[in-house]
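Descriptive structure summary
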Number of protein chains: 2
Amino acid sequence: MVQIGFLGGTGIEARGLALRFAAAGCKIILGSRTLERARHAAETYNVILGKEMIEGLSNTEMCRAAEIVFLTVPFALAIEAIDNCRSELDARHVLVDVTVPLMFSAGHAEYQKQDAESNSENIAQHLPENVPLVAAFKTIPTAVLADLSAPLDCDVFVCGDSESAKQKVMAAISMIPSLRPLDAGPLRMARTLERMTVLAAELNHRYKKKGARFRMIGI
Amino acid sequence: MVQIGFLGGTGIEARGLALRFAAAGCKIILGSRTLERARHAAETYNVILGKEMIEGLSNTEMCRAAEIVFLTVPFALAIEAIDNCRSELDARHVLVDVTVPLMFSAGHAEYQKQDAESNSENIAQHLPENVPLVAAFKTIPTAVLADLSAPLDCDVFVCGDSESAKQKVMAAISMIPSLRPLDAGPLRMARTLERMTVLAAELNHRYKKKGARFRMIGI
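Being a predicted model, the structure only gives us computed values, none of them experimental.

1. Observations concerning the overall build of chain A
Helix and strand counts for chain A come out as eight helices and 11 strands. For 219 residues, the compact-globule estimate of 2.2 N^0.38 gives 17 Å, and chain A sits close to it at 16 Å. Its C-alpha atoms give chain A principal-axis dimensions of about 40 × 40 × 35 Å. When burial is assessed residue by residue, chain A has 52% of its 219 residues classed as buried. Considering only residue pairs separated by 6 or more positions, chain A has 74% of its internal contacts joining residues 24 or more positions apart.

Structure, rendered in structure tokens:
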């Protein structure tokens, strides 16, 4: 089975994804800049799971062991996180960008325009050329992912310019129950996906909810 | 009951909306630059409905009679259509923009960036100041709307800067069965809604469907 790692694996962005993949039976490696923090998070999550599915390593060690690497840092730290692991990332990997460039002000989310038209395209410009990038999970709230008792019951939009990388990520996602991966086309579709999170945040704010997410009808 | 009119009421954009509102019991006025075309469309739709719910008038006569006016012209003609009715539009009206600035090339939709950040905001800049603008139905395929035998089974995102205008439009929408109006916030949310149609078009293309539309989970 494919080995799934998390670059920046101790934060809230990674928590729900690591738990969901581990609960589905995947072996998970949490990466962190400090080994101790990675090990601590792994232990905590294994207690929640009731089984030893998650290991903690340094980010660079995680990159050596994992094939699919989720980039789970706050959006503004994405380039720096990649730079710190640049020598470890190569064509064996698929990097999965889940970042969304939002800033919150009084409950309202504002989209933060990057140099490129989306944060995924921004990241792609800074990656080693042979590392395929896939965007996914941009529209699924971390709080819902992390609550294992809540069925997800929604779609996850997956986009990227490498068809084989996208298929690999979609196959992994399809292991998670009540979550349907949909092929959303080329990487530039991240322009739409990132902005959809602005809509979900606004709906959460107006309807006093926390878990707004999308499901396609007619597909 | 509120009177609903269509500015550019003889095209495919108006067809499904007029039929759905009329089937729900609303009196509808189709506007057109030529009275004859408006009357012909109204007759055709009344035959489909099996009852006389729809009337055809010139665009200017329609504006005099209707309170909620749907702007149902291709996106590139929106400003011209408004200019032609400028003297008839005032604070009695709510204008509802359903346009999406897309161009299709080999089945793929490309977003057409306007002077403003969305076509709705572009239109707002050209409207008489006292006419409130609401954006709605941007993400619902015209083909699905026009097929009265198909349940819609999805959400319609409604945004605008006038709360009272938005509430009026949402109240009208709530008459249509299996369609839930959601308050998506200020008019600038059209930036997201218009781009969501790019995603729906891509999904239709990849999954060989025609009716991709959105439903929120968790709201």
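2. Examining the interface of chain B and chain A
Contact with chain B, which involves 29 residues of that partner, is made by 29 residues of chain A. Going through the elements one at a time, strand E9 (154-160), strand E10 (179-183), helix H8 (190-207) and strand E11 (213-217) of chain B are the ones with two or more residues in the side of chain B that touches chain A. For the side of chain B that touches chain A, the element with the highest residue contribution is H8(B), accounting for 10 residues. By the bridge criterion, five bridges tie strand E11 (residues 213-217) of chain A to E11(B) in an arrangement that is antiparallel. Paired with A:Met216 across the two strands is B:Phe214, which belongs to E11(B).

3. Concerning helix H7 (residues 163-173) of chain B
Each α-helix turn comprises 3.6 residues. Residues three or four places apart therefore point the same way. All names here are of chain B. Within the span of H7, buried status applies to Ala165, Lys166, Val169, Ala172 and Ile173. Seen end-on, H7 carries its buried residues on one side only, within an arc spanning 125°. With respect to the buried face of H7, the exposed residues turned more than 90 degrees away are Glu163, Ser164 and Ala171. Among the structural elements, strand E1 (4-7), strand E4 (68-71), strand E5 (94-97), strand E8 (133-135), E9 and E10 are those in contact with the buried residues of H7.

4. Here we look at the sheet that holds E8(B)
Residue and element names in this part refer to chain B. Spatially, E3-E2-E1-E4-E5-E8-E9-E10 is the arrangement adopted by the eight strands of the open sheet, whose pairing is mixed. Of all the strands in the sheet, just strand E3 (54-58) and E10 have a single pairing partner and so form its edges. Within this sheet the neighbouring strands show an average axis-to-axis angle of 25°, counted without direction. Across two bridges, the pairing between E8 and E9 is antiparallel. If you follow Val134 over to E9, its bridge partner there is Gly160.

5. What about the environment of A:Leu95?
All names here are of chain A. Looking at where Leu95 falls in the secondary structure, it is placed in strand E5 (residues 94-97). Between the C-alpha atom of Leu95 and that of Leu30, which follows or precedes it by 65 residues, the distance is 14 Å. Contacts of Leu95, omitting those with residues within four sequence positions, involve Val69, Leu71, Leu89, Leu127, Val131 and Leu133.

6. A look at the relation of the copies chain B and chain A
For the pair chain B and chain A, the relating rotation is 180°, the translation along its axis is 0.0 Å, and the fit reaches an RMSD of 0.0 Å. When the rotation and shift are considered jointly, the pair of chain copies conforms to a two-fold rotation axis. Taking the C-alpha atom as reference, chain B places B:Arg215 closest to the rotation axis, 2.6 Å from it.

7. Details of the environment of B:Glu194
All names here are of chain B. When you line up the elements, Glu194 lands in helix H8. In this structure Glu194 comes out as buried when scored by C-beta crowding, with 28 C-beta atoms within 10 Å. A C-alpha to C-alpha distance of 14 Å links Glu194 and Phe104, two positions 90 residues apart in sequence.

8. A look at the sheet that holds E5(A)
Residue and element names in this part refer to chain A. A sheet is described by the order of its strands in space; here eight strands give the open sequence E3-E2-E1-E4-E5-E8-E9-E10, paired in mixed fashion. Every other strand in the sheet has two partners, leaving strand E3 (54-58) and strand E10 (179-183) as the edge strands with one partner each. With direction set aside, neighbouring strand axes in the sheet form an average angle of 25°. Where E5 and strand E8 (residues 133-135) come together, three bridges link them in parallel fashion. Counted as the bridge partner of Asp97 is Ala135 from E8. Contacts between helix H1 (residues 12-23) and the sheet are confined to strand E1 (4-7), strand E2 (28-32), E3 and strand E4 (68-71), with E2 contributing the most and set at about 160° to the helix. The strands touched by helix H7 (residues 163-173) within the sheet are E1, E4, E5, E8, strand E9 (154-160) and E10, with E9 carrying the most contacts at an inclination of about 160°.

9. Quick look at the pairing of E5(A)
Residues of E5(A) alternate between two faces, with A:Val94 and A:Val96 on one and A:Leu95 and A:Asp97 on the opposite face, all of them buried. With helix H4 (residues 78-84) of chain A bridging E4(A) and its parallel neighbour E5(A), the resulting β-α-β unit is right-handed.

10. Digging into the packing of H1(A) against helix H2 (residues 35-49) of chain A
Two numbers describe a pair of packed helices, the interaxial angle and the distance between the axes. All names here are of chain A. Packing of H1 against H2 leaves a shortest axis separation of 11 Å and a crossing angle of 50°. With respect to each other, H1 and H2 are oriented oblique. Handedness of the crossing formed by H1 with H2: right-handed. Counting all contacts with H1, which are made through Ala18, Leu19, Ala22 and Ala23, the residues of H2 involved are Tyr45, Ile48 and Leu49. The residue inventory of the contact of H1 with H2, partitioned by class, reads seven nonpolar, no polar and no charged.

11. As for unusual backbone geometry
At A:Ser178, a residue that is not glycine, the phi angle is positive and equals roughly 60°. Along the chain, A:Ser178 falls in the loop between H7 and E10. Here B:Phe137, not a glycine, exhibits a phi torsion of approximately 65°, which is positive. Position of B:Phe137 relative to the elements: it lies in the loop between E8 and helix H6 (142-146).

Reading the values: the criteria
- Residues numbered from 1 in each chain as written.
- Chains lettered and ligands numbered in written order.
- Predicted model: local features only at pLDDT ≥ 70, side-chain atom pairs only at ≥ 80, totals over all residues.
- Helix = DSSP H or I, 4+ residues; strand = E, 2+ residues; numbered from the N terminus.
- Rg over C-alpha atoms; globule rule 2.2 N^0.38 Å.
- Buried ≥ 20, exposed ≤ 12 C-beta atoms within 10 Å, placed from the backbone.
- Contact = placed C-beta atoms within 7 Å.
- Pairing = 2+ DSSP bridges.
- Arc of directions from axis to C-beta.
- Axes fitted to C-alpha atoms, helices over the stretch in contact; angles between N-to-C directions.
- Least-squares fit on C-alpha atoms with pLDDT ≥ 70 in both.
- Right-handed = clockwise from strand over helix to strand, strands pointing away.
- Parallel < 35°, antiparallel > 145°, perpendicular 65-115°, else oblique.
- Left-handed = near helix turned anticlockwise from the far one by under 90°.
- Nonpolar A, V, L, I, M, F, W, Y, C, P; charged D, E, K, R; others polar.

These figures capture arrangement, not role.
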